[in-house]
Amino acid sequence: MADAPFLPYGKQVIEDDDVAAVAEALRGDFLTTGPSVAAFEDAFAARVGARHAVSCANGTAALHLTALALGLKPGDRSIVPAITFLATANCARYVGADVTFADVDPATALMTDATFEDALGRAGAAAKSVYPVHMNGQTADMAAISKRARARGLAVVEDACHALGGAYRVADGVEAKVGACRHSDMAIFSFHPVKIIACGEGGMVTTNDDTLAAAMRRQRSHGMVREPGQFEDKAQAFGPDGSSNPWYYEMPEPGFNYRLSDIHAALGLSQLKKLDRFAARRGKLVAAYDRALSPYAPVLCPLGRTAYDAPGWHLYVALIDFERAGIDRGACMRRLVAAGIGSQVHYLPLHRQPYYRRRYGAMSLPGAERYYAEALSLPLSAQMTEDDVGRVTRALTAALGLDNKTDKGRR
Ligand SMILES: *Cc1c(COP(=O)(O)O)cnc(C)c1O
């Protein structure tokens, strides 16, 4: 076992054709804002079934672009589940808006219609948007959440970083891909190396709304406008014969440089072609983990499952009663490292981060706190085999003292 390669909790799969695609982009005429960016956006939009896909530098920039496009501002509130990556909440703060944290179901880490309703009650009339997060790859109950959000006039943005390749039911017998925005205004994705497909750094926003897409394309490139029809200063913009001046551009409001390079986009496009294969392998590994871990309930349990989706798995989370196992999580993780296995906790509850605790005061969100106490992300990536799952299971049950039939865990 000591000779086996270290298994990190997540890792990219880069193959020869990915390397060739990047090399080709490097030899091309554009290193940024060229044909690979357009091709990646078109292929991504087609893959998820959305009208627009707007690429950007990373998933955090994608979140920021959604907040800018929605015009969120000081005095507004975004509702964000307490279990997610920092950036889902931070994007509200980037535009001066505030965050109301929603609790989650401790079995799935998902914001539910009920925890959303509770957060809406606390946020009051300032609530302007909700950012459901498809934690680990399972989708939040978008039908119910979007219905409630629409009734209150809130915009809906899916943080779909964990769920690329997944789908959910939108009506009886009708499925929509995650990213199709059937129940949302926008959905965002990340192509960080641990995510389902990798660009190195990269992000995408999908939407069916032309105005939101145009606003995000402007904001990701300095707020610059180059379409003559939109110029305000006609005297500067047009020459004596009425044609637009070739050098001219305008900035109605300042934006950012959040562009994705052609080098990154070429990798993304190559990886996107493998999404079905990667997602299928991840699904198989998840099923293998479920089978391997289920005998160890209730000390060690697979993540709870929702009824309404076909997940695109990003993480494999086990829920562990560390108290009952008689070992703390840090010690368990160190034992796993000694066996060549990486693990991680996704995520520390956001309402307990010092910044948010100072800003909003201490609060109790029992679902989030319980999930956080039990969650451990085990290795999951598309290059793993079912033997690797066996190796992780043996190391984990040994670390938890469940391997010697003390019947601490076995049913
Ligand atoms: C990875 C991730 C992000 C941020 O994406 P980056 O590309 O790392 O900026 C945001 N939200 C969730 C849920 C993520 O997993």
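A few points about the pattern of salt bridges
Then comes step 1: Throughout the structure, instances matching the rule amount to 19 salt bridges.
Then comes step 2: Notably, a salt bridge pairs Asp 76 with Lys 73, separated by 3.5 Å at the nearest N-O pair.
Then comes step 3: The closest approach of N and O atoms between Arg 93 and Asp 98, which form a salt bridge, is 3.7 Å.
Then comes step 4: When its relative accessible area of 13% is taken as the criterion, Asp 98 is described as buried.
Then comes step 5: Through salt bridges with shared partners, a single ionic network connects Glu 15, Asp 17, Asp 18, Lys 274 and Arg 277.

Quick look at the pairing of strand β8 (residues 186-190)
Then comes step 1: In terms of burial, β8 is a largely internal element, 5 of the 5 residues being buried.
Then comes step 2: The two faces of β8 match: Met 186, Ile 188 and Ser 190 on one face and Ala 187 and Phe 189 on the other face are all buried.
Then comes step 3: Sheet topology places strand β5 (residues 155-159) next to β8; 3 bridges connect them, and they run parallel. Bridged to Asp 159 within β8 is Ile 188.
Then comes step 4: When β8 meets strand β9 (residues 203-207), the two strands line up antiparallel, connected through 5 bridges. Residue Ser 190 lies in a different strand from β9, and its bridge partner there is Gly 203.

A look at the packing of helix α3 (residues 59-69) against helix α7 (residues 210-219)
Then comes step 1: Relative orientation of the contacting elements α3 and α7 amounts to 120°, with a least axis distance of 9 Å. With respect to α7, the element α3 is oriented oblique. The way α3 lies across α7 gives a crossing that is right-handed. Residue-level inspection shows Leu 65, Thr 66, Leu 68 and Ala 69 of α3 in contact with α7, the latter providing Leu 212, Ala 215, Met 216 and Gln 219.
Then comes step 2: Along the lines of polarity and charge, the residues of the contact of α3 with α7 split into 6 nonpolar, 2 polar and no charged.

So, the site of the ligand
Then comes step 1: If you check the shell around the ligand, you find 13 residues, and the closest are Gly 59, Thr 60, Asp 159, Ser 190 and Lys 195.
Then comes step 2: Between the ligand and Asp 159 there is a distance of 2.8 Å, counted from a nitrogen atom to a side-chain nitrogen or oxygen.
Then comes step 3: For the ligand, an oxygen atom lies 2.7 Å from a polar atom in the side chain of Ser 190.
Then comes step 4: In the complex, the protein chains occlude 92% of the 380 Å² of accessible area that the ligand would expose alone.
Then comes step 5: By residue number, the principal contributor to the shell around the ligand is α3, which donates 3 residues.

Conventions adopted
Residues numbered from 1 in each chain as written. Predicted model: local features only at pLDDT ≥ 70, side-chain atom pairs only at ≥ 80, totals over all residues. Heavy atoms only, no water. Salt bridge = Lys/Arg side-chain N within 4 Å of Asp/Glu carboxyl O. Buried < 20%, exposed > 50% of the residue type's maximum accessible area, 1.4 Å probe, protein only. Helix = DSSP H or I, 4+ residues; strand = E, 2+ residues; numbered from the N terminus. Pairing = 2+ DSSP bridges. Axes fitted to C-alpha atoms, helices over the stretch in contact; angles between N-to-C directions. Parallel < 35°, antiparallel > 145°, perpendicular 65-115°, else oblique. Left-handed = near helix turned anticlockwise from the far one by under 90°. Contact = heavy atoms within 4.5 Å. Nonpolar A, V, L, I, M, F, W, Y, C, P; charged D, E, K, R; others polar. Near = heavy atom within 4 Å. Polar contact = N/O pair within 3.5 Å; in protein donor to acceptor, adjacent residues only side chain to side chain. Areas by Shrake-Rupley, 256 points an atom, 1.4 Å probe, with all protein chains shown as cover.

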